[in-house]
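Report on the structure
Take a look at the letters that make up each chain.
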Amino acid sequence: MSLYAKERAVAIQAVLQASKVCQSVFQHLVANETLTKNDKSPVTVADFSAQAIVNTYLEKAFPQDPIVGEEDSKDLRGAEGKILREKVHSLTNGILQDNEKLSEDQILQAIDRGNYAGGAQGRHWALDPIDGTKGFLRGGQYAVCLALIVDGVVQLGVMGTPNLPINASQPDGERGSLFVAVRGQGAFQRPFSQEQETKIQFADINDTKNATFCESVEAGHSSHDDASLIAKELGITRPSIRMDSQAKYCSIARGDADIYLRLPTSKTYVEKIWDHASGNVLITEAGGKVSDVNGQSLDFSVGRTLSKNSGVIASNATIFDSVLAAVQKVLKN
Ligand SMILES: Nc1ncnc2c1ncn2[C@@H]1O[C@H](COP(=O)(O)OS(=O)(=O)O)[C@@H](OP(=O)(O)O)[C@H]1O
Ligand SMILES: [Mg+2]
Ligand SMILES: [Mg+2]
Ligand SMILES: [Mg+2]
């Protein structure tokens, strides 16, 4: 049996079920189901349900493993949280099998298993139950992102992208893909609808002027102005692909585009490990390279955030040094 085979299988099942709950919530979504958290990012019933589902699957299979999850149950507790709690309860159980159903208390506990502080020792999971919540709300791209970190290094990443076309050249075709990578074992994609996996890799590219780059839809998450200066520096003439969520990592890893740019918009924002862990191993296993804007590897060993890093860039290994040089030239000016 290959290394992390059980973790891989459990993570796939957990992400698939969580992705289904997100699809189901979207179908039932009404505007007032959305909460706004203090950091001004929206959080929905689906974020909570997806975290409850993934954490429940992980607890069953790996009861000793701690989890760093984005959400906590604070807004679901007490009289104030009653309506939301009931919605999360019924939607979560709507996806789980009869023998898996959870009480309200079990859901709150499952969500709060995501409170681990992270760190350099041993193994833990990093979970973003919905990455790109804003994309989810606008019917755009979002991703359920789960990664296993061992002694500070990401070893396994699984992402579910319910709205991403399985084949980028057929944008109106079937949607819903899983992306899976284990360190040293390659990167793969499969549709939600069947288990057959296909190996994926970056597009062949030798000259940056033929590249396409991906960036956030939200200018507040990655500087669009700096990205356009970097594109000019690299001779890129194609328009950028603006896409919500870690689906950007999936897109470049399978060759739909070539470069991922996440350029700091403020000196104070610190990236979260769950926003980059699964993408990190997917990029490497698909033949790419990833670093922060200073050329440093992302350090997943320092807790819940990437406090030693600033921004993220990723691309095919062949053009990576040129991309990094252009990023540094623009950001130094
Ligand atoms: N200021 C700032 N800078 C950088 N990143 C930020 C910032 N604020 C929020 N976030 C995080 O961005 C996550 C969404 O990722 P993207 O920016 O790629 O998607 S999007 O275009 O914004 O939807 C989003 O993840 P989710 O909350 O899981 O959606 C946030 O963790
Ligand atoms: Mg969020
Ligand atoms: Mg996120
Ligand atoms: Mg999220």
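Residues numbered from 1 in each chain as written. Chains lettered and ligands numbered in written order. Predicted model: local features only at pLDDT ≥ 70, side-chain atom pairs only at ≥ 80, totals over all residues. Heavy atoms only, no water.

With that out of the way, let us pick up the coordination of the magnesium ion (ligand 3). Bound to the magnesium ion (ligand 3) are the protein donor atoms Asp128 (OD), Asp131 (OD) and Asp275 (OD), situated 1.9 to 2.1 Å from the metal. Counting along the primary sequence, the residues that act as donors to the magnesium ion (ligand 3) give the motif D-x2-D-x143-D. Separating the magnesium ion (ligand 3) from the magnesium ion (ligand 2) is a distance of 5.1 Å. Each member of the pair, Asp128 together with Asp131, is buried. (Donors = N, O, S within 2.8 Å, 3.2 Å for Na, K, Ca; no water. Buried < 20%, exposed > 50% of the residue type's maximum accessible area, 1.4 Å probe, protein only.)

Assigned domains within the protein chain: domain 1 (5–199) and domain 2 (208–332). Just the C-alpha atoms count here: the centres of domain 1 and domain 2 sit 23 Å apart. With 50 residues of domain 1 at the interface, the matching set in domain 2 holds 29 residues. At the boundary of domain 1 with domain 2, total buried surface from both sides reaches about 2,700 Å², with 62% on carbon and sulfur atoms. The residue Asp244 makes a salt bridge to Arg138 at a minimum N-O spacing of 2.4 Å. When residues of the side of domain 1 that touches domain 2 are traced back to their parent elements, those giving at least two are β3 (67–69), β4 (123–131), α5 (133–137), β5 (143–150), β6 (153–165), β7 (175–182) and β8 (187–191). For the side of domain 1 that touches domain 2, a count of residues per class yields 25 nonpolar, 19 polar and six charged. (Domains from an automatic or database assignment. Contact = heavy atoms within 4.5 Å. Buried area = accessible area lost by both parts, 1.4 Å probe. Salt bridge = Lys/Arg side-chain N within 4 Å of Asp/Glu carboxyl O. Helix = DSSP H or I, 4+ residues; strand = E, 2+ residues; numbered from the N terminus. Nonpolar A, V, L, I, M, F, W, Y, C, P; charged D, E, K, R; others polar.)

With that settled, the discussion passes to the UniProt feature "binding site: Mg(2+)" (unreviewed entry) in the protein chain. Those residues carrying the UniProt feature "binding site: Mg(2+)" (unreviewed entry) are Glu70, Asp128, Ile130, Asp131 and Asp275 in this numbering. A maximum C-alpha distance of 9.7 Å places the annotated residues, which cover 206 residues in sequence, within one compact spot. Tracing the backbone through its elements, the reader meets Glu70 in the loop between β3 and α3 (82–95). Judged by relative accessible area, which is 22%, Glu70 ranks as partly exposed. Mapped onto the elements, Asp128 comes out in strand β4. Note on Asp128: relative accessible area 1%, which makes it buried. Leave out the neighbours within four places in its chain, and Asp128 touches Glu70, Ala143, Val144, Cys145, Gln246, Trp274 and Asp275. (UniProt positions renumbered as here; feature names shortened; annotations may be inferred.)

Of all hydrophobic cores here, the largest spans 49 residues; its most connected members are Cys22, Trp125, Leu146 and Val158. Among the secondary structure elements, those contributing two or more residues to this core are α1 (5–28), α2 (45–61), α3, α4 (104–112), β4, β5, β6 and β7. Contacts of Val158, omitting those with residues within four sequence positions, involve Ala11, Ile12, Val15, Val144, Cys145, Leu146, Leu178, Phe179, Val180 and Ser278. Counting residues in each nonpolar core, the second largest holds 36 residues, with Ile149, Ile283, Phe300 and Val312 among its members. (Core = buried A, V, L, I, M, F, W, Y, C linked by side-chain atoms within 4.5 Å.)

As a further point, take the side chain of Arg8. Relative to the elements of secondary structure, Arg8 occurs in helix α1. For Arg8, a relative accessible area of 17% gives the class buried. Ignoring sequence-local partners within four residues, the contact set of Arg8 consists of Leu156, Val180, Val182, Phe188 and Glu197.

Right, let's talk about the packing of aromatic side chains for a bit. Inspection of every chain in the model, using the stated rule, returns four aromatic pairs. With a centroid separation of 5.7 Å and 70 degrees between ring planes, the pair formed by Phe26 and Phe136 is classed as edge-to-face. Taken together, the residues Phe26 in helix α1 and Phe136 in helix α5 connect sequence positions 110 residues apart. Of the residues examined, Phe136 reaches a relative accessible area of 0% and is grouped as buried. The ring of Phe188 carries the charged tip of Lys199 above its face, separated from the ring centre by 5.9 Å. (Phe/Tyr/Trp six-rings, centres within 6.5 Å; stacked < 30°, edge-to-face > 60°. Lys NZ or Arg CZ within 6 Å of the ring centre and 35° of its normal.)

The contact between α1 and α3 brings their axes to 9 Å, and the two run at 125 degrees. With respect to α3, the element α1 is oriented oblique. Considering the relative orientation of α1 and α3, their crossing is right-handed. Packed against α1, whose contacting residues are Gln17, Lys20, Val21, Ser24, Val25 and His28, the element α3 presents Leu91, Thr92 and Ile95 at the interface. (Axes fitted to C-alpha atoms, helices over the stretch in contact; angles between N-to-C directions. Parallel < 35°, antiparallel > 145°, perpendicular 65-115°, else oblique. Left-handed = near helix turned anticlockwise from the far one by under 90°.)

Bringing the site of ligand 1 into the picture now. Every one of the 18 residues lining ligand 1 counts as a neighbour, but Gly132, His221, Asp244, Lys248 and Asp275 are closest to it. Take Val217: an N or O atom from its main chain is 3.0 Å from an oxygen atom of ligand 1. Residue Gly220 places a main-chain N or O atom 3.2 Å away from a nitrogen atom belonging to ligand 1. In isolation ligand 1 offers 630 Å² of accessible surface; the protein chains occlude 89% of this area. In terms of residue count, β4 provides more of the shell around ligand 1 than any other element does, three residues in total. In the shell around ligand 1, the residues fall into three nonpolar, six polar and nine charged. A domain-level breakdown of the shell around ligand 1 finds at least three residues from each of domain 1 (5–199) and domain 2 (208–332). (Near = heavy atom within 4 Å. Polar contact = N/O pair within 3.5 Å; in protein donor to acceptor, adjacent residues only side chain to side chain. Areas by Shrake-Rupley, 256 points an atom, 1.4 Å probe, with all protein chains shown as cover.)

Note that Asp98 resides in the loop between α3 and α4. Linking Asp98 and Val153, residues 55 residues apart in sequence, is a C-alpha distance of 36 Å.

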